[in-house]
Structure formats: C-alpha cells, structure tokens
Amino acid sequence: MTSQQLARSESPDALTWWRHAVIYQVYPRSFADGNGDGIGDLPGITTRLPYLAALGVDAVWLSPFYRSPQADAGYDVSDYRDVDPLFGTLDDFDRMLQQAHRLGLRVIVDLVPNHTSDEHAWFREALSSPAGSPERKRYLFRDGTGEYGELPPNNWQSIFGGRAWSKVPGDSQWYLHLFDSRQPDLDWNHPDVRKDFEDVLRFWLDRGVDGFRVDVAHGLIKAEGLPDFAGHVAMVEGSGGAHSNHGPMWDQEGVHDIYRSWRRVLDEYPGDRMMVAEAWVHPPARLARYVRADEMQQAFNFDYLLTHWNADDFRAVIDRSLAVVGEVGAPTTWVMSNHDTVRHSSRYGLSIPGARPRGIDAAGEQPDEALGLRRARAAALLTLALPGSAYLYQGEELGLPEHTTLEAEHRQDPAFFRTGGAEIGRDGCRVPLPWHSDQPSYGFGSGSATWLPQPASFARYAVNRQDGVAGSTLELYRSALKQRRVSALGTGTLTWLACAPGVVAFANGPVRVFVNTNDYPVALPDGRAIVASEPLLADGQLPANAAVWLAGT
Ligand code: GLC
Ligand code: CA
C-alpha cells in the first residue's frame with residue numbers, strides 16, 4: 001500500500017470521499033493511444049495513470065468505452081456489458097481499474113440510460129417485430145399522424161437538430177430519439193428496462209468501479225401522452241436563458257424513483273460508491289432534487305460552468321450553489337469544462353468572456369488565446385479553493401485551448417451534421433492530448449495518426465514542455481491540488497472577505513483567496529503567497545486577470 005492510499009483509508013472522512021474529491025474526466029478516445037491507431041484506448045489510459053496520480057486528483061471519470069457503433073462517440077451503446085474493440089477488452093478494463101486503485105485513484109464510469117444505440121439487440125428485435133409487439137414496447141414507438149401516418153407523432157425536436165422522430169421503414173410507426181436517429185430513447189416505464197439497468201450497475205460494481213456518471217439524467221421519463229412542445233433545446237446551449245430545459249421530456253417527477261432504486265443497489269456494495277447526475281435543469285432548486293439523501297450523491301453544477309468572467313456573477317453563483325445543495329445535505333460540485341462545451345480557456349478569451357458558443361470554427365470570433373489562458377489559470381485557483389467536489393476536464397491542467405479552426409471535413413459530431421453546420425459542435429474540445437512536443441501525434445500514440453487533427457499550437461502545451469517548468473499551467477495545477485489537500489479546502493467553509501470591485505475574495509480554512517477579474521492590478525492584504533496564477537507585482541499587487549492564495553486568516 002502506498003502512503004497516499006494509507007492516508008486515504010485512515011482519514012476520518014474516507015467514507016465520503018466524493019464530498020471533496022477532485023475528479024478528472026478522461027475522454028478515452030483522446031487521452032492516450034496505446035496501439036497507434038489514432039484513437040485513445042484503455043491500455044493507453046493505464047500507462048498514463050501515474051501522471052494523474054502525480055497530478056494530485058482523487059478520481060477519474062471515464063466517458064463511454066462500451067460496445068458502440070460510435071454514432072455519437074460512444075454515447076450510443078450497443079452492449080453495456082462489454083468494451084468496444086476500439087478501446088480494448090474487458091481484461092484491459094480490469095487492468096486499468098486495478099492499476100488506478102493501486103495508485104489510490106478511484107474510477108467512475110459513464111452510464112447512458114436514456115437511449116441505446118440502434119444496434120443494441122433490443123432495438124434490432126424491435127425493428128424486426130411488428131407494430132404493437134412486445135419487442136417494441138421497450139422503446140417509444142408510436143403511430144404517425146396525418147392521413148397515412150406520414151407525419152410524426154408529435155412536434156418534438158432533437159437536441160442535435162431536426163425532428164426527434166424517425167419513421168420505421170415500411171411501417172406505420174415512428175420512434176423517438178431526443179438525440180441522433182441512431183440513439184432511440186428507451187421507455188423507462190417498461191420493467192425490462194428497469195431490471196436490465198440494475199443488472200448493468202451490478203456488472204460494473206462487481207468489477208470494482210467506484211461510481212457512475214449518469215448521462216442525460218433529467219430525460220428518462222417523458223410526460224404521459226407525449227404532448228406537443230414548441231420549445232427546443234440545442235446541445236451546446238444547456239440550461240439557463242431562453243432555452244432552459246423545460247418541457248414534457250425533461251425533469252419529470254418519475255426520474256427520481258429510478259435514482260432511488262439505483263441508490264439502493266449502490267448501497268448494497270461496500271465502500272462509498274457514488275453517482276453524479278448530468279442534468280441540465282433549472283432553477284438550481286430543481287437540480288438539488290437529484291441529490292436528495294436517497295438519490296444521487298452529486299450533480300454537475302452547470303450554472304458555474306456557464307458563468308461569465310465577472311466577479312459579481314461568480315459570487316452569486318457560488319452563494320446559490322452552496323445554499324441550494326446545502327438544504328438537502330449534499331456537497332456541491334464545480335465544473336468549468338467537459339467534452340460537450342468549448343474549453344473555458346477559449347471561452348474566457350472571447351469578447352464576451354465566458355459566453356458559450358455553439359463551437360468555434362475559422363469563420364467565427366477567434367478567442368484571445370493568451371488572455372483566455374491567463375483567466376483560465378486564475379479560474380483554476382478559484383475552482384480548486386472552493387469547498388465541495390471539483391471536476392477537471394482532460395487537458396485543462398495544460399491550459400489547452402479549443403481547436404478553433406478545425407475544418408468541416410474533419411468534424412464528427414452528429415450535431416454538426418443534423419443542423420447542416422449551424423451547430424459547429426463539440427469536436428474542438430475533443431482533440432487528442434499532446435504529451436510530447438517532439439513526437440508524432442505529439443506523443444498521443446506511437447504513430448502519427450489522430451482521429452481529429454491536432455493544431456500546431458498544441459506543441460507549446462505538451463506535457464514535456466510544462467513538466468517541472470516553474471510557472472507552467474501543469475505545475476500551477478499540481479501545486480494548487482497539493483495545497484488544496486494539505487489545507488483540506490474541499491471540506492472547508494467559505495467566508496466572503498471585503499474587497500475591491502471586480503475581485504472575488506474569500507477565506508477557506510487557512511487560505512485566503514483573491515481572484516482579480518479586472519483588467520488592472522489591485523492591492524492585496526499582507527500575507528505569504530502560497531500559489532499564484534501570475535507572479536505578483538513588485539509592489540505586492542495582484543496583476544490583472546490573476547488569482548492568488550495567501551496564507552493566514
Ligand atoms: C450527454 C453527453 C453527450 C451526448 C449526449 C447524448 O449530454 O454528455 O456527449 O452526446 O448526452 O448521449
Ligand atoms: Ca488505439
């Protein structure tokens with residue numbers, strides 16, 4: 001047992017590790033390629049686990065690696081109990097998990113319950129069975145409307161664009177897909193569906209996973225009768241504003257029963273297994289319902305992700321987040337980026353810093369890369385100083401920007417195709433990581449192939465260029481993660497401090513945090529700097545768009 005592991009299991013709160021954990025999202029296609037075919041895989045992840053342990057995170061969340069035709073990069077699962085050959089084998093998974101645990105890292109896996117792939121055995125059976133047959137009842141097949149059934153059953157739109165229904169060839173019925181036509185929605189009122197997913201949970205829990213990230217957790221139950229709904233939610237818009245997820249397909253009361261039953265399954269297992277909800281719901285009080293004592297442990301805080309680079313907005317979202325989940329006794333989470341959103345280092349470099357565009361291409365506004373990075377580094381010191389659990393998206397510890405000039409011919413996101421390019425999509429945040437500036441594919445794999453092209457600028461961000469380099473973003477994350485652990489910031493309490501306009505200032509345990517969102521320097525109180533996103537000025541001031549942790553209260 002390593003000393004780190006020992007400390008973990010002996011610590012008094014070892015049984016609630018997720019309350020303060022820093023969880024690193026691995027997007028398997030783009031993390032590390034073990035066999036040189038250009039697509040990341042499980043053996044690749046295993047070889048890089050020591051890097052993650054040394055970074056100082058507590059856990060890893062893996063996006064889907066299950067059997068899948070990859071119509072939505074694996075969020076279209078055809079077999080929930082197997083690894084897709086692209087990513088390796090079940091043995092590779094077991095080896096990866098064992099190695100992670102040996103290094104003191106917990107592992108959570110993605111669960112995709114709202115829809116299956118159209119190549120799932122159930123959906124194939126449904127298509128080859130007649131309308132009204134039991135095989136069709138596990139999905140949402142309905143008769144068409146119009147004189148000949150030539151019109152869809154209702155007016156719902158797909159998140160990825162176009163209508164949410166596809167017609168069964170040679171038949172009077174249509175099936176519902178809130179996402180791509182190759183992702184048919186399951187009918188969660190069907191007992192087979194409930195039973196099978198409990199078995200899937202057990203399958204992975206038995207293998208030793210520490211928890212699940214639940215995809216589209218607010219979508220499983222649809223309102224009775226599937227009533228028409230004029231609104232439309234686009235993939236990269238998310239919650240808030242005019243397009244919040246209200247409507248008969250979102251956040252229905254019935255979803256909570258499902259999570260209560262899953263919680264009972266998790267509670268049968270030793271250790272503290274957890275679930276985190278991907279639920280784009282509004283207002284925050286609705287989100288808190290997913291983390292009530294007998295449901296999930298966490299939900300992603302997308303309001304924080306959507307916050308613009310503005311001190312008042314940050315303070316407001318932090319207060320709201322802490323208050324709302326506090327009422328149900330759950331910890332909050334803090335998240336700035338993931339595989340569905342333009343990387344925050346690029347968002348913070350836009351003229352509206354923090355705005356969430358529908359992807360960025362060469363024709364769109366190009367972010368100010370240096371300014372975006374500077375703010376992203378400061379934002380890391382904000383996020384990692386807050387009490388609760390934080391999620392990091394692979395590459396943010398390198399300050400990696402979005403690929404903002406990816407040509408259309410390389411794009412793979414179904415949202416791009418279903419909207420005829422209106423939605424630029426999510427490929428720009430999914431580009432394979434640069435590990436070594438002087439190797440083919442920047443060290444992503446043994447060969448030069450990468451499933452999405454890497455921009456030349458990635459060389460500057462490669463791990464080898466930052467490892468051990470004072471002031472690099474990687475070293476900033478390493479120090480912040482270490483200090484966060486040493487000072488127990490994740491289990492601490494936040495107290496706001498008086499400060500100048502445009503500054504976010506608070507104390508958490510032995511640390512005082514100052515984030516200067518202004519374009520000019522500000523004075524700081526006395527105190528030793530423990531970590532700073534930029535060197536402090538000669539007169540001790542905090543520079544523009546920078547953050548510092550000071551010792552002492
Ligand atoms: C979630 C995933 C996203 C996927 C969608 C459909 O939002 O994060 O990547 O496309 O669900 O499964
Ligand atoms: Ca590979």
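Since this is a predicted model, take the numbers as computed values, not measurements.

### What about the nonpolar core?
Part 1 of the reasoning: Judged by nonpolar contacts, the single largest core of 141 residues is most densely connected at L52 and W262.
Part 2 of the reasoning: Apart from the residues lying within four places of it in its own chain, the contact partners of L52 are Y24, V26, F31, V57, V60 and L105.

### Overview of the pairing of strand 9 (residues 211-214)
Part 1 of the reasoning: On strand 9, burial covers both faces: G211 and R213 on one face and F212 and V214 on the other are all buried.
Part 2 of the reasoning: Of the strand pairs in this sheet, strand 5 (residues 106-111) and strand 9 are connected by four bridges, and their pairing is parallel. Along strand 9, the bridge assignment pairs D110 with R213.
Part 3 of the reasoning: Relative to strand 10 (residues 274-277), strand 9 is paired through four bridges, and the arrangement is parallel. Paired with F212 across the bridge in strand 10 is M275.

### Here we look at the site of ligand 1
Part 1 of the reasoning: Around ligand 1 there are 15 residues in total, and D72, D215, E278, H339 and D340 lie nearest to it.
Part 2 of the reasoning: Between E278 and ligand 1, the recorded distance is 2.7 Å, taken from a side-chain N or O atom to an oxygen atom.
Part 3 of the reasoning: The separation between an oxygen atom of ligand 1 and a polar side-chain atom of D340 is 2.5 Å.
Part 4 of the reasoning: Surface burial for ligand 1 is 99%, taken as the share of its 310 Å² of free accessible area covered by protein chains.
Part 5 of the reasoning: Residue classes in the shell around ligand 1 are distributed as five nonpolar, three polar and seven charged.

### What about the sheet that holds strand 17 (residues 529-532)?
Part 1 of the reasoning: Sheet architecture is open: five strands sit in the order 14-15-16-18-17, paired in antiparallel fashion. One side of each edge strand has no neighbouring strand; the edge strands of this open sheet are strand 14 (494-496) and strand 17. Taken over all neighbouring pairs, the strand axes of this sheet differ in orientation by 25° on average, direction set aside.
Part 2 of the reasoning: Two elements, strand 15 (residues 503-508) and strand 16 (residues 511-516), share six bridges in a ladder whose sense is antiparallel. Within strand 16, the residue paired with V503 across the bridge is N516.
Part 3 of the reasoning: The sheet contacts of helix 15 (residues 473-486) involve strand 17 and strand 18 (546-551), and relative to strand 17 the element is tilted by about 135°.

Parameters at a glance
- Residues numbered from 1 in each chain as written.
- Chains lettered and ligands numbered in written order.
- Predicted model: local features only at pLDDT ≥ 70, side-chain atom pairs only at ≥ 80, totals over all residues.
- Heavy atoms only, no water.
- Core = buried A, V, L, I, M, F, W, Y, C linked by side-chain atoms within 4.5 Å.
- Buried < 20%, exposed > 50% of the residue type's maximum accessible area, 1.4 Å probe, protein only.
- Contact = heavy atoms within 4.5 Å.
- Helix = DSSP H or I, 4+ residues; strand = E, 2+ residues; numbered from the N terminus.
- Pairing = 2+ DSSP bridges.
- Near = heavy atom within 4 Å.
- Polar contact = N/O pair within 3.5 Å; in protein donor to acceptor, adjacent residues only side chain to side chain.
- Areas by Shrake-Rupley, 256 points an atom, 1.4 Å probe, with all protein chains shown as cover.
- Nonpolar A, V, L, I, M, F, W, Y, C, P; charged D, E, K, R; others polar.
- Axes fitted to C-alpha atoms, helices over the stretch in contact; angles between N-to-C directions.

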